[in-house]
Amino acid sequence: DHISRGNVSAVSSFLSQLGTKKRSAASILSTVIDNTTALHAAVCAPRGSSVELVSMLLSAGAPADTREPCESRTALHIALARGELRAAALLLQGGGSLEAKDKQGLTPVDLVSALLSKGMWEAGGGACFAWGVTSPLASYAFPTRCAVLT
C-alpha cells in the first residue's frame, strides 16, 4: 500500500528493516499480493515517486522480471505502457527483458509501440509506416510498430 501511494519514506524504512538479507528481500519483494508485485506497484505509483521506488526496490533485490499473474506482464511492460521511461531504464539496468512476452504474446516494446501508433493514427499526423502484429489493446486494429516520416 505504501508503494502504490508513493510513500518513499515508509518503503525506505521497511527496506532498511530487511537489512542486508538480499535473499530474503528478493523473496518478499517478488511475492504477488492482489495480482501485483512490489515493482509493479512502484511503476504505477504517483509520478515523481515511481523512479525512486523502482531504484530502491531493485537495490534491495527485487527481481526485475517477476510477472503478475493476470496478464503475465513484467514491471517493464507496465512502465513502458505508462510512459515511465526513467523507471523503464532502471528496470532494464536491473535485468528486465525487452523480449519478455505477456499472455497475449506482446513484449514491453509492443505495448508502448501500440500506444504511440494509436496516438499517431488518432492525431492524423505524419505518414506512419507500420509492421508487426495487430494489437488486441483497442477495439480496432492498428500497427504495433511504426516509423514516422515528416
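Just so you know, these numbers come straight off a predicted model, no measurement behind them.

Engineer: Account for unusual backbone geometry, naming residues and giving values.
Structural biologist: Residue serine 72 is not a glycine yet carries a positive backbone phi of 60°. Position of serine 72 among the secondary structure elements: in the loop between α4 (50–59) and α5 (75–82). On the basis of relative accessibility, which here comes to 18%, the residue serine 72 falls in the buried class.

Engineer: How would you summarise the pattern of salt bridges if you had to cite specific residues and measurements?
Structural biologist: Enumeration according to the criterion identifies two salt bridges in this entry. Ionic pairing is found between arginine 47 and glutamate 84, a salt bridge with its closest N-O pair at 2.5 Å. Remark: glutamate 84 occurs in the loop between α5 and α6 (85–93) and arginine 47 occurs in the loop between α3 (38–43) and α4; sequence separation between them is 37 residues. Exposure remark for arginine 47: the relative accessible area of 56% places this residue in the exposed category.

Engineer: Account for the packing of α4 against α6, naming residues and giving values.
Structural biologist: The N-to-C vectors of α4 and α6 enclose an angle of 10°; their axes lie 9 Å apart at closest approach. Viewed along their axes, α4 and α6 adopt a mutual orientation that is roughly parallel. Side by side, α4 and α6 meet where Val51, Val54, Ser55 and Leu58 of the first sit next to Arg86, Ala87, Leu90 and Leu91 of the second. Among the residues forming the contact of α4 with α6, the class breakdown is six nonpolar, one polar and one charged.

Engineer: Lay out the environment of threonine 74 in plain terms, naming residues and giving numbers.
Structural biologist: Residue placement: threonine 74 occurs in the loop between α4 and α5. The class for threonine 74 is buried, based on a relative accessible area of 0%. Between the alpha carbons of threonine 74 and threonine 36 there is a distance of 9.8 Å; along the sequence they are 38 residues apart. Every residue in contact with threonine 74, bar those within four places of it in the chain, is listed here: His40, Ala64, Asp65, Thr66, Arg67, Ala100 and Pro108. Polar side-chain contacts of threonine 74 include one of 3.0 Å to the side chain of histidine 77.

Engineer: Give me the environment of glycine 95: which residues, what numbers.
Structural biologist: Position of glycine 95 among the secondary structure elements: in the loop between α6 and α7 (108–123). Classification of glycine 95 as partly exposed rests on a relative accessible area of 44%. Remark: the alpha-carbon pair of glycine 95 and leucine 58, spanning 37 residues in sequence, is separated by 9.5 Å. Contact partners of glycine 95, with chain neighbours within four places excluded, come to Ala64 and Asp65.

Rules behind the numbers
- Residues numbered from 1 in each chain as written.
- Predicted model: local features only at pLDDT ≥ 70, side-chain atom pairs only at ≥ 80, totals over all residues.
- Heavy atoms only, no water.
- Helix = DSSP H or I, 4+ residues; strand = E, 2+ residues; numbered from the N terminus.
- Buried < 20%, exposed > 50% of the residue type's maximum accessible area, 1.4 Å probe, protein only.
- Salt bridge = Lys/Arg side-chain N within 4 Å of Asp/Glu carboxyl O.
- Axes fitted to C-alpha atoms, helices over the stretch in contact; angles between N-to-C directions.
- Parallel < 35°, antiparallel > 145°, perpendicular 65-115°, else oblique.
- Contact = heavy atoms within 4.5 Å.
- Nonpolar A, V, L, I, M, F, W, Y, C, P; charged D, E, K, R; others polar.
- Polar contact = N/O pair within 3.5 Å; in protein donor to acceptor, adjacent residues only side chain to side chain.

Remember that the coordinates give geometry; whether it matters functionally is a separate question.
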